[in-house]
Amino acid sequence: MNSLLRNILNVFYPRCCPVCQKILKDQNRLICPECEKKLKPIGQPRCYLCGKPVEKGEYCADCLRHPHIFDQGRGIFVYDDRMRKSVLRYKYSGCREYGEFYARAMYLYGSRDVRDWNPDLIVPVPVHRTKLRMRGFNQAAFLAEKLGDYTGIPVRQELVLKIRKTKSQKKLTAVQRRKNLEEAFLVNGEVNGKRILVVDDVYTTGSTVDAMASCLKKKGASAVYFLTVCIGRI
Ligand SMILES: [Zn+2]
Ligand SMILES: [Zn+2]
């Protein structure tokens, strides 16, 4: 976007902090200085597999209980109350500019892992077309495209399709979630021997990433990783 257009837009739609919602005094910033100080990425020790914060040990209780199909992954921030509110505004209240902050944080704090994983492709978690019509955009695809711009890794939005609507996952157990998602995805392209990075906004139990990893690996993908903005605690 050229700077004149950005300046005009800023007068009518000033950019807000994705955490505290205050209008940013410096419109070139993506987060206010106060929130930036407080919002820390998940550091060590964290689960070797999913990256959730752990007190001690190599794996979180969740990964010890349920074997995963994906190979490794991590979320940048803990999915606490402030981030839950932030992501809800991003998804449902039209605060798409938050995506710019999320994607930059994913790149800033996750690029070392991405380099280690060395993926051939970035694939966003897809949404069903009915949901896409309602919501107007795929929040994961937005992040995937931005991450693709930062890393130079090709993004394939249509590689995995959501072919069946899934019921709200909130009230289901982990096993039910997995079953619910199993046949909801369709791999729509060649993935043989490919290393794939799945991108989404939030990771909770891992059932979505596992369901996608299962489909991708059945089609020959050699490894599946994930990177999300937020990750739930155990
Ligand atoms: Zn703030
Ligand atoms: Zn874990």
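Residues numbered from 1 in each chain as written. Chains lettered and ligands numbered in written order. Predicted model: local features only at pLDDT ≥ 70, side-chain atom pairs only at ≥ 80, totals over all residues. Heavy atoms only, no water.

## As for the overall build of the protein
Of regular secondary structure, the protein possesses nine helices and six strands. Against the 2.2 N^0.38 benchmark of 17 Å for 234 residues, the protein shows a C-alpha radius of gyration of 18 Å, consistent with a compact globule. For the protein, the spread of C-alpha atoms along the three principal axes comes to 50 × 40 × 35 Å. Relative to its 234 residues, the protein shows a buried fraction of 48%. For the protein, the proportion of contacts with a sequence separation of at least 24, taken over those separated by at least 6, is 71%. Carbon and sulfur atoms provide 51% of the accessible area of the protein, an area that totals close to 12,700 Å². (Helix = DSSP H or I, 4+ residues; strand = E, 2+ residues; numbered from the N terminus. Rg over C-alpha atoms; globule rule 2.2 N^0.38 Å. Buried < 20%, exposed > 50% of the residue type's maximum accessible area, 1.4 Å probe, protein only. Contact = heavy atoms within 4.5 Å. Areas by Shrake-Rupley, 256 points an atom, 1.4 Å probe, with all protein chains shown as cover.)

## Quick notes on the sheet that holds strand β5 (residues 195-203)
The strands that make up a sheet pair up through hydrogen bonds in the backbone, lying either parallel or antiparallel. Strand order in the open sheet formed by four strands is β1-β6-β5-β2, and the pairing between neighbours is parallel. Edge positions in the sheet fall to β1 (72-78) and β2 (121-124), since each of these pairs with one other strand and no more. The sheet shows a mean angle of 20° between the axes of neighbouring strands, direction not considered. In this structure, β1 lies alongside strand β6 (residues 223-231), joined through six bridges in parallel fashion. The partner of Gly 75 across the bridge, within β6, is Thr 228. Seen against the sheet, helix α5 (residues 98-117) touches β1, β5 and β6 and runs at an angle of roughly 150° to β1. (Pairing = 2+ DSSP bridges. Axes fitted to C-alpha atoms, helices over the stretch in contact; angles between N-to-C directions.)

## Thoughts on the pattern of salt bridges
Summed over the entire model, instances satisfying the criterion amount to 10 salt bridges. Residues Lys 85 and Asp 81 are paired through a salt bridge, measuring 3.1 Å at the closest nitrogen-oxygen approach. On the criterion of helical spacing, the pair formed by Lys 85 and Asp 81 is a turn pair, its members being four residues apart in helix α4 (residues 81-92). Judged by its relative accessible area of 45%, Lys 85 is partly exposed. Given the relative accessible area of 45%, Asp 81 is considered partly exposed. (Salt bridge = Lys/Arg side-chain N within 4 Å of Asp/Glu carboxyl O.)

## Some remarks on the coordination of the zinc ion (ligand 1)
Within the protein, Cys 17 (SG), Cys 20 (SG), Cys 32 (SG) and Cys 35 (SG) serve as the donor atoms for the zinc ion (ligand 1), at 2.3 Å. Between the four donor atoms coordinating the zinc ion (ligand 1), the angles at the centre fall across 101 to 113°, so the site counts as tetrahedral. In primary-sequence terms, the residues that donate to the zinc ion (ligand 1) follow C-x2-C-x11-C-x2-C. Of this pair, Cys 20 sits in the loop between α1 (3-12) and α2 (33-38) while Cys 32 sits in the loop between α1 and α2, placing them 12 residues apart in sequence. (Donors = N, O, S within 2.8 Å, 3.2 Å for Na, K, Ca; no water. Tetrahedral: all angles 85-135°; square planar, octahedral: opposite > 155°, others 65-115°.)

## With respect to the coordination of the zinc ion (ligand 2)
Bound to the zinc ion (ligand 2) on the protein side are Cys 47 (SG), Cys 50 (SG), Cys 60 (SG) and Cys 63 (SG), at distances that span 2.3 Å. Taken in chain order, the donor set of the zinc ion (ligand 2) reads C-x2-C-x9-C-x2-C. Of this pair, Cys 47 sits in the loop between α2 and α3 (61-65) while Cys 63 sits in helix α3; the two residues are 16 residues apart in sequence, bridging distant segments of the chain. The two residues Cys 47 and Cys 63 agree in class, both being buried.

## Focus: the packing of aromatic side chains
Taken as a whole and assessed by the stated rule, the structure comprises 14 aromatic pairs. Taking the centre distance of 6.1 Å and the plane angle of 80° together, the rings of Phe 70 and Tyr 203 count as edge-to-face. Taken together, the residues span a long stretch of sequence, with Phe 70 in the loop between α3 and β1 and Tyr 203 in strand β5 at a distance of 133 residues. Comparing Phe 70 with Tyr 203, the two get one shared label, buried. Arranged with centres 6.5 Å apart and planes meeting at 80°, the rings of Phe 137 and Phe 142 form a pair that is edge-to-face. For Phe 137, a relative accessible area of 9% corresponds to the buried category. Take Phe 142: its relative accessible area is 23%, and that puts it in the partly exposed class. The positively charged end of Arg 84 is found above the aromatic ring belonging to Tyr 79, 4.9 Å away from the centroid. Directly above the aromatic system of Phe 137 lies the positively charged group of Arg 96, at a separation of 4.3 Å from the ring centroid. (Phe/Tyr/Trp six-rings, centres within 6.5 Å; stacked < 30°, edge-to-face > 60°. Lys NZ or Arg CZ within 6 Å of the ring centre and 35° of its normal.)

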